Structures are given as structure tokens and as C-alpha cells.
Amino acid sequence: REGKLYGMDTEKKKQKIYAYVDESGQDTLGEVFFVSVVIAGAERDLLRKHLQDVELSSGKREKKWTRSTPHQRESYLRAVFRLPEFRGRLYFSHYQNTKTYLDLTIFSTAKALNNFVHHKPYSAVVTVDGLGKTERHRFAAGLRKLNISIRKVRGAKDEADEFVRLADALAGFARDGLSKDDELQKLFQKAKKAEAIREI
């Protein structure tokens with residue numbers, strides 16, 4: 001009985017972590033592939049309010065990265081990067097010459113969570129844009145094999161969440177920042193240097 005009580009107490013003390021995941025590059029048929037991960041914890045509601053304000057002020061609103069204008073994209077990301085609350089929560093990975101998309105998305109998610117969470121016990125809820133029902137079990141099993149403490153893996157549709165929209169923007173931003181010679185490339189290099197975003 002003492003063991004059960006102790007176990008229940010330990011479970012209650014677990015930190016709740018939320019990871020939002022998106023990708024870009026499958027259209028290149030393996031040439032390049034990007035995965036982005038946004039992580040939130042107990043302050044998730046505050047971060048969501050910040051994102052709502054930024055979406056309105058930038059004019060981007062709920063539009064996907066590819067449907068936003070260059071000005072809206074830049075204004076949106078600059079505003080996010082200026083917020084200290086997002087520091088250490090924005091991650092991306094970059095891969096080349098591979099089509100193992102789901103495995104790389106799982107691996108990138110695990111790397112981001114390991115970078116964000118150190119010694120505290122935690123339980124993570126992972127939301128992946130476009131992840132189908134048949135893939136959720138595989139995604140969760142893959143994370144557990146990488147020693148990630150998973151509470152739930154779920155899919156999201158059409159960037160219907162502020163955090164998923166941010167993950168969509170980060171994946172597009174990383175892709176454009178590494179492939180185009182324009183203002184976004186300059187912002188990308190500046191954001192990496194300042195660790196506003198972290199490559200994992």
C-alpha cells in the first residue's frame with residue numbers, strides 16, 4: 001500500500017509538457033526535410049495568448065506559412081522572437097537525402113523534449129500536424145523506445161491551434177532560411193545566433 005501511495009504521489013508531481021510538431025519538405029521527394037517542435041509547459045495559456053496577439057498584430061492571423069505574405073511572415077516571427085517567454089522552446093531539425101519522414105519526425109521530437117526537460121519527472125502530450133490515427137500508435141511507441149515519457153500522441157488538422165501554426169511557421173522558416181537569399185535568410189541566421197531557435 002505504501003508503494004501504491006508513493007507511486008500516486010510521484011505521478012501527481014510529474015511536470016506536464018506539451019509538444020507541437022510539424023514538418024516541411026516531403027514535396028522535394030527526399031532532397032530536404034525539416035521538422036519543427038514547439039514546447040510549452042505550465043505557462044501554456046500565457047504563451048497561447050501571446051501567439052493570438054502576434055497573429056493579429058502581424059496580419060498573419062490563422063493562415064498557413066505558405067499562404068501568408070512575406071511581410072506577414074517576417075512580422076509574425078520577429079514578434080515571436082522578441083518574446084522572452086518563447087526562449088528555449090523553439091526547435092528544428094534539417095535532414096537531406098532521406099524519405100524516412102515519420103521516423104525522423106519521431107527522432108526530432110525526442111531530441112527537442114530531451115533538450116527542454118532535464119531532471120524533472122514529466123509526462124508529455126505530443127500534437128503532430130497531419131498525423132493520422134494509424135500513425136499515432138507508432139509515433140508514441142517510437143518515442144517510448146527513445147525513453148520519452150509520453151502521456152498521449154494526437155494529430156491536428158489544418159493548423160487549427162496557435163502552437164501548431166507556430167510549428168508550421170518554424171518549419172517553413174527553416175526551409176526558406178536555408179534555401180533562399182532574402183530577408184528571411186538574414187532573420188534565420190540572426191535567430192539561430194541569438195538562440196531564439198535551436199537546431200537539434
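Residues numbered from 1 in each chain as written. Predicted model: local features only at pLDDT ≥ 70, side-chain atom pairs only at ≥ 80, totals over all residues. Heavy atoms only, no water.

**A few points about the environment of R73**
Moving on, step 1. Tracing the chain through its elements places R73 in helix α3 (residues 70–82).
Moving on, step 2. Counting along the chain gives 86 residues from R73 to E159, while the straight-line C-alpha distance between them is 15 Å.
Moving on, step 3. In this structure the side chain of R73 is engaged in a polar contact, spanning 2.9 Å, whose partner is the backbone oxygen of W65. (Helix = DSSP H or I, 4+ residues; strand = E, 2+ residues; numbered from the N terminus. Polar contact = N/O pair within 3.5 Å; in protein donor to acceptor, adjacent residues only side chain to side chain.)

**Structural notes on a positive patch on the surface**
Moving on, step 1. Among the surface-exposed residues, K16, R151, K152 and R154 lie close enough to one another that they form a single positively charged patch.
Moving on, step 2. Top element by residues in the positive patch is strand β5 (residues 150–156). It accounts for 3 residues.
Moving on, step 3. Among the secondary structure elements, K152 is positioned in strand β5. (Patch = residues over 30% accessible without salt bridge, like charges linked within 9 Å, V, L, I, M, F, W, Y side chains within 5 Å. Areas by Shrake-Rupley, 256 points an atom, 1.4 Å probe, with all protein chains shown as cover. Salt bridge = Lys/Arg side-chain N within 4 Å of Asp/Glu carboxyl O. Lys, Arg positive; Asp, Glu negative; His and termini not counted. Charge placed at Lys NZ, Arg CZ, Asp CG, Glu CD.)

**Quick look at helix α6 (residues 162–179)**
Moving on, step 1. Taking 1.5 Å of rise per residue, the 18 residues of α6 would be expected to cover 26 Å, and the 26 Å separating its terminal C-alpha atoms lies within 8% of that figure.
Moving on, step 2. Among the 18 residues of α6, 15 are classified as buried, and the element is accordingly described as predominantly covered.
Moving on, step 3. In this structure D161 caps α6, since a side-chain oxygen of it lies 2.7 Å from the backbone nitrogen of F163. (Expected span 1.5 Å × (residues − 1). Buried < 20%, exposed > 50% of the residue type's maximum accessible area, 1.4 Å probe, protein only.)

**Some remarks on the packing of helix α2 (residues 44–58) against α6**
Moving on, step 1. Where α2 meets α6, the axes come as close as 9 Å, and the angle between the chain directions of the two elements is 60°. For α2 against α6, the interelement crossing comes out left-handed. Counted together, R44, L47, R48, L51, Q52 and E55 of α2 and E162, F163, R165 and L166 of α6 form the full contact between these two elements. (Axes fitted to C-alpha atoms, helices over the stretch in contact; angles between N-to-C directions. Left-handed = near helix turned anticlockwise from the far one by under 90°. Contact = heavy atoms within 4.5 Å.)

**Description of the nonpolar core**
Moving on, step 1. L77, V80, F81, L90, L166, F173 and I197 are the most contacted members of the largest nonpolar core, which totals 35 residues.
Moving on, step 2. Sorting the residues of this core by element identifies β1 (15–24), β2 (32–40), α2, α3, β3 (90–96), α6 and α7 (183–193) as the ones contributing at least two each.
Moving on, step 3. When residues in this core are grouped by element, the largest group, 8 residues, is from α6.
Moving on, step 4. When near neighbours in sequence (up to four residues on either side) are disregarded, L90 contacts V37, V38, V80, F81, L166, L170, A196, I197 and R198. (Core = buried A, V, L, I, M, F, W, Y, C linked by side-chain atoms within 4.5 Å.)

**What about the pattern of salt bridges?**
Moving on, step 1. According to the stated counting rule, one finds 11 salt bridges in the structure shown.
Moving on, step 2. For R73, the salt bridge identified is with D176, shortest N-O distance 3.7 Å. Of this pair, R73 sits in helix α3 while D176 sits in helix α6, and the two are 103 residues apart along the sequence.
Moving on, step 3. D176 gets classed as buried once you look at its relative accessible area, which sits at 9%.
Moving on, step 4. Its salt-bridge partner being E199, residue K192 comes within 3.0 Å of it at the nearest N-O pair.
Moving on, step 5. Under the relative-accessibility criterion, K192 is labelled partly exposed at 30%.
Moving on, step 6. For E199, a relative accessible area of 41% gives the class partly exposed.
Moving on, step 7. The network of salt bridges with common partners includes R48, E55, D161, E162 and R165.

**Considerations on helix α5 (residues 133–145)**
Moving on, step 1. Compared with an ideal rise of 1.5 Å per residue, which puts 13 residues at 18 Å, α5 spans 19 Å between its outermost C-alpha atoms and is within 8% of the ideal.
Moving on, step 2. For α5, the full list of buried residues reads F139, A140, G142 and L143. Viewed end-on, α5 has its buried residues packed into an arc of 160°, placing them on one side of the element. What points out from α5, more than 90 degrees from its buried face, is the exposed set T134, H137 and K145.
Moving on, step 3. On the buried face of α5, the contacting elements are α4 (101–116), β4 (122–129) and β5.
Moving on, step 4. Positive backbone phi, at 65°, marks N147, one or two positions downstream of α5. (Arc of directions from axis to C-beta.)

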